[in-house]
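# A closer look at the structure
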Amino acid sequence: MNLRLAPVGVALVAGLAVPAGASAVPHWSAPAVVIPSPGPSTGPAATSVPQVGIGGGRSVLAAGSGNRALLARGSAANVFASPVAVADSGGAPVGTDTAVGGDGSVVVGWAAGGVGHVTVVAPSGAIVGTADLPGAGVNAIGVGLASDGSAVVAYRTKASASSYSLHVATAPAGSAAFVDAGTLESAAPTDSIDVAGGPGGAVAVAYRKLASKYRATVAVRAAGASAFEASQVLGGGDQDDQSPQVAFDADGTVVAAWGNPAGALWATRGVGATSFSAPAALGAGAAFSVDLESTPGGGTAVAVAGDGSVRAGVQPFASLAQAGPSFTSQFSGLAAVTTSPAGVTSAVWVNPTDGAVHAVDLGGADQVIGYGSKDTVTPVGVASSADRTVAVWTDQDGAVSAATRSESAVPASPGSLGPKPSGRDASAPKVKYVSVTKRLRVTTKTKTIKFKIKCSEACKYLLTGSLRTQLSSKARRSIAPLPPVTTTKVRSGVQTVTVKFGTLARRDLTKALKKHHGGQLFLVLEASDATGNGGRTRIQLTLQPKPVKHHR
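In what follows, the accompanying structure is described. What you see is a predicted model; the values in this text were computed from it and never measured.

Let us look at the nonpolar core. If you look at the biggest cluster of nonpolar residues, it comprises 28 residues, and the most contacted ones within it are Ile 449, Phe 451, Leu 521 and Leu 541. Elements represented by at least two residues in this core include exactly β34 (431-433), β35 (439-442), β36 (448-455), β37 (460-469), β40 (494-500), α1 (503-514), β41 (519-528) and β42 (534-545). Those residues in contact with Leu 541, other than ones at most four positions away along the chain, are Tyr 433, Lys 438, Leu 440, Ile 449, Phe 451, Gly 519, Gln 520, Leu 521 and Leu 523. Val 107, Val 118, Val 138 and Ala 171 belong to the second largest nonpolar core, which has 18 residues in total.

On to the environment of Ala 264. Along the chain, the position of Ala 264 falls in the loop between β20 (254-259) and β21 (265-269). With 21 residues separating them in the primary sequence, Ala 264 and Ser 243 have C-alpha atoms 10.0 Å apart.

Here the focus is the packing of aromatic side chains. This structure, assessed with the given rule, holds three aromatic pairs. Aromatic side chains Tyr 433 and Phe 451 sit 5.3 Å apart centroid to centroid with 35 degrees between the ring planes, which places their arrangement in the tilted category. Here Tyr 433 is found in strand β34, whereas its partner Phe 451 is found in strand β36, with 18 residues between them in sequence. A cation over an aromatic ring shows up here: Lys 438 above the ring of Tyr 433, its NZ or CZ 5.4 Å from the ring centre. The ring of Phe 522 has Arg 468 lying over it, and the distance from NZ or CZ to the ring centre is 4.0 Å.

What follows concerns the pairing of strand β25 (residues 309-314). Counting buried residues along β25, five of its six residues qualify, which places the element largely inside the surrounding structure. Taken together, the six bridges between strand β24 (residues 300-306) and β25 define a ladder with antiparallel strand orientation. For Gly 306, the partnering residue across the bridge sits in β25 and is Ser 309. Hairpin connection of β24 to β25: two residues between the antiparallel strands, including Asp 307 at a positive phi of 60 degrees. With two bridges connecting them, β25 and strand β26 (residues 321-322) associate as antiparallel partners. Bridge pairing in β26 places Arg 311 opposite Gln 322. Counted along the chain from β25 to the antiparallel partner β26, the turn is six residues long, and its residue Phe 317 has a positive phi close to 60 degrees.

Conventions adopted
Residues numbered from 1 in each chain as written. Predicted model: local features only at pLDDT ≥ 70, side-chain atom pairs only at ≥ 80, totals over all residues. Heavy atoms only, no water. Core = buried A, V, L, I, M, F, W, Y, C linked by side-chain atoms within 4.5 Å. Buried < 20%, exposed > 50% of the residue type's maximum accessible area, 1.4 Å probe, protein only. Helix = DSSP H or I, 4+ residues; strand = E, 2+ residues; numbered from the N terminus. Contact = heavy atoms within 4.5 Å. Phe/Tyr/Trp six-rings, centres within 6.5 Å; stacked < 30°, edge-to-face > 60°. Lys NZ or Arg CZ within 6 Å of the ring centre and 35° of its normal. Pairing = 2+ DSSP bridges.

This is the structure in structure tokens:
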């Protein structure tokens, strides 16, 4: 769903003037970078899916950026305050999911380094508190808000290779005091969590559950109930289900939708019912990305990406209309959908062939409003209110941009949409040995050796290898493995590699040195850049006995 935000210490945007030249007719603004890239050496993968909501008269945008979760609030004129960090993992990249209340309150679920947390932000922008979620191996998390303002978080833990659980916790409105609300799954692996709140405090959690294939599954806590009912598996077929989503109609009907290479499906659970209807086809064609959102009119809207197009529609989904042009690519793209109080349903998506961000009104115009990434999947989000529609996306450098359609927005000019992206980086980094010599002097006390390398672009590396020694020309050659050396962050410039001799290597080297022999290091250096392109080179170093100093 679209209301997915990163936690934030929020700066308020108040009294923002309408820019000169704004028109009384709603127009899309030029895009503005709201959350900067976490750094040139990290790449787009270090930015989590951006999410946007509108509450308390402000646009609320959030995303994990590097090791921080950032949030920014803006006006209908697409003017945003500087983003503020509401969470900092201290090192590990942060993934986020967010829900925005009508009063501007924000609930952010975030995970980093296998640990889950929830941060609650008041409408004023003050951080109410952060709850640490119990359990290890958290790497899937979803949050939502019930109609009474209470917060709900669903998260997966992986205690070991074969020990999985899907937990739910809740907190009263305006509080970060989360308490256990049950375990939805205690064995099967789960992911792709989506949480929705409905009338009367009802809550539904959609996720994928692994059986023979990944299956769309939904658990419901009915209005007035204190606990979640047993989950119901909705999906099936010969292929894995994709991106399950859940939403509520105004009367309390639960609507679920999910993708599948054989075609998207949807099902409903009426008020008072205890199970979902049989799945029905959600249009025709393969579906790899689905977004489902409640509409102000009391129903739901959906956007589906697959088979080289994006399709969208509103309940009862008898047919879906194509939103924007078709394309041919190995990437299906991601789509987001929203419906304004005036009844205009808009889909936003990025064409993977050229990176153009399309905003398409059903039955109306298709407008390019900016540029994301080319030859890859670009995350997007969209939300609307009575006075604006806000679209957000990640660009090829990992920065998050926003564009707003409103009466107070200055219309974008043809040259104000930002730079068109270049193609996806598919070239491997070239790495070379840059130390002065490949002949190194060692003694029986040598435990490590160091040398320098340099990549043609920022890179990280993995070094493996062995030490080979031979005590005489007739003796058998001895081969001792070396502990691998690895880095986790891409770096530019000259890097120093430290090779440590393990127990076996030190033993063999000591024997060789006592016979006035040395040894040879046979190393394999694998370097990779920020986009995962990898290169490899072999390095051979000669170890020679260090000359003994004779004292007169």
